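A closer look at the structure
Next come the chains, spelled out residue by residue.
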Amino acid sequence: MESIPYEHGLILASILFSLGLIGVLTRRNIVFVLMSLEIMLNASGLAFIVAAARWGHAEGQIMFLMILTLAAAEVAVGLGLIIQMYRRFQTVDINVLSEMKG
């Protein structure tokens, strides 16, 4: 069985990270921003997996598990903030956040 070249894995990770970064910088809907952050986290996890496979170590898989844990916590906190923002302003537009005071 042939394996995928390491360069292809890293190129895919960089493309996914770039797409996530573009989504974070251009979107105004906070749900799409959170989805773009998830794409960026998964891209960094893919890069860790590819690098660990290249050198034959298990640390990349351990880092990926930590990234998944961080992503789960980010989703939980982010969705809680989105619900509170929607209850207060009846929108999920990021530009409304500038009105949040105290």
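Starting from 1, residues in each chain are numbered consecutively following that chain's sequence as written. Local features in this predicted model are restricted to residues of pLDDT 70 or higher, and side-chain atom pairs are both shown and tallied only at a pLDDT of 80 or more, whereas totals for entire chains, interfaces and linings draw on every residue. Side-chain numbers come from the whole structure's heavy atoms, not from hydrogens or water.

Let us look at the environment of Gln90. Note on conventions: DSSP H or I runs of at least 4 residues are helices, E runs of at least 2 residues are strands, and numbering of each starts at the N terminus. Structurally, Gln90 is set in the segment after helix H3 (59-89). Pairing of N or O atoms within 3.5 Å defines a polar contact, subject to two protein rules: one partner must be a possible hydrogen donor and the other a possible acceptor, and residues neighboring in sequence count only if both atoms are side-chain atoms. Here the side chain of Gln90 touches Arg87 through a polar contact of 3.4 Å, landing on its backbone oxygen.

Turning our attention to the packing of helix H2 (residues 30-55) against H3. Here an axis means a line fitted to C-alpha atoms, over the contact stretch when the element is a helix, while the angle between two N-to-C directions is reported on a 0 to 180 degree scale. Direction vectors running N to C along H2 and H3 enclose 175°, while the axes themselves pass 9 Å from each other. Classed by the angle they form, the pair H2 and H3 counts as roughly antiparallel. Ten residues, namely Ala, Val, Leu, Ile, Met, Phe, Trp, Tyr, Cys and Pro, are considered nonpolar, four, namely Asp, Glu, Lys and Arg, are considered charged, and the remaining ones, Gly among them, are considered polar. Its residues placed into classes, the contact of H2 with H3 shows 19 nonpolar, six polar and two charged. Orientation is classified from the angle alone, with under 35 degrees giving roughly parallel, over 145 giving roughly antiparallel, 65 to 115 giving roughly perpendicular, and any other angle giving oblique.

Another point: the nonpolar core. Considering soluble globular proteins, one finds that nonpolar side chains tend to be buried as a cluster. By size, the foremost hydrophobic cluster in this structure holds six residues: Ile30, Leu34, Ile82, Met85, Phe89 and Val96. For this core, the secondary structure elements donating two or more residues are H2 and H3. The element contributing the most residues to this core is H3, with three residues. Contacts were defined at the residue level, with two residues in contact if any of their heavy atoms lie within 4.5 Å. Here Val96 is in contact with Phe89 and Thr91, once residues within four sequence places are set aside. Throughout this description, the term nonpolar core refers to a set of buried Ala, Val, Leu, Ile, Met, Phe, Trp, Tyr and Cys residues connected via side-chain atoms within 4.5 Å. The cut-offs for exposure are 20% and 50% of the maximum accessible area for each residue type, with area from a 1.4 Å probe on protein chains only; residues under the lower value are buried, those over the upper are exposed, and the others partly exposed.

What follows covers the environment of Tyr86. You can see Tyr86 is positioned in helix H3. Given a relative accessible area of 44%, Tyr86 falls into the partly exposed group. Between the C-alpha atom of Tyr86 and that of Met66, which follows or precedes it by 20 residues, the distance is 30 Å. Once residues lying within four places of it in the same chain are set aside, the contact partners of Tyr86 are Thr91 and Val92.

Our next topic: a nonpolar patch on the surface. Taken together, the side chains of Phe48, Ile62, Met63 and Met66 make up a nonpolar region of the molecular surface, amounting to roughly 360 Å² of accessible area. Sorting elements by how many residues they give to the nonpolar patch places H3 first, with three residues. Considering the arrangement of structural elements, one finds Ile62 in helix H3. Here, patches come from residues exposed beyond 30% relative accessible area and free of salt bridges, joined within 9 Å for like charges and within 5 Å for nonpolar side chains (Val, Leu, Ile, Met, Phe, Trp, Tyr). Note on areas: Shrake-Rupley with a 1.4 Å probe; residue coverage comes only from the protein chains shown. Each salt bridge in this description consists of a side-chain nitrogen of Lys or Arg and a carboxyl oxygen of Asp or Glu lying within 4 Å of one another.

Describing an aromatic ring pair means giving the distance of the ring centres and the angle of the ring planes. Ring pairs shown here join Phe, Tyr and Trp side chains whose ring centres sit within 6.5 Å, with only the six-membered ring taken for Trp; geometry is labelled stacked below 30 degrees between planes, edge-to-face above 60, and tilted in between. On inspection of all chains with the given rule, the structure shows zero aromatic pairs. Against the face of Phe32 rests Arg27, its NZ or CZ located 4.9 Å from the ring centre. Comment: the charge-over-ring label is applied if NZ (Lys) or CZ (Arg) is within 6 Å of the ring centre and within 35 degrees of the ring normal.

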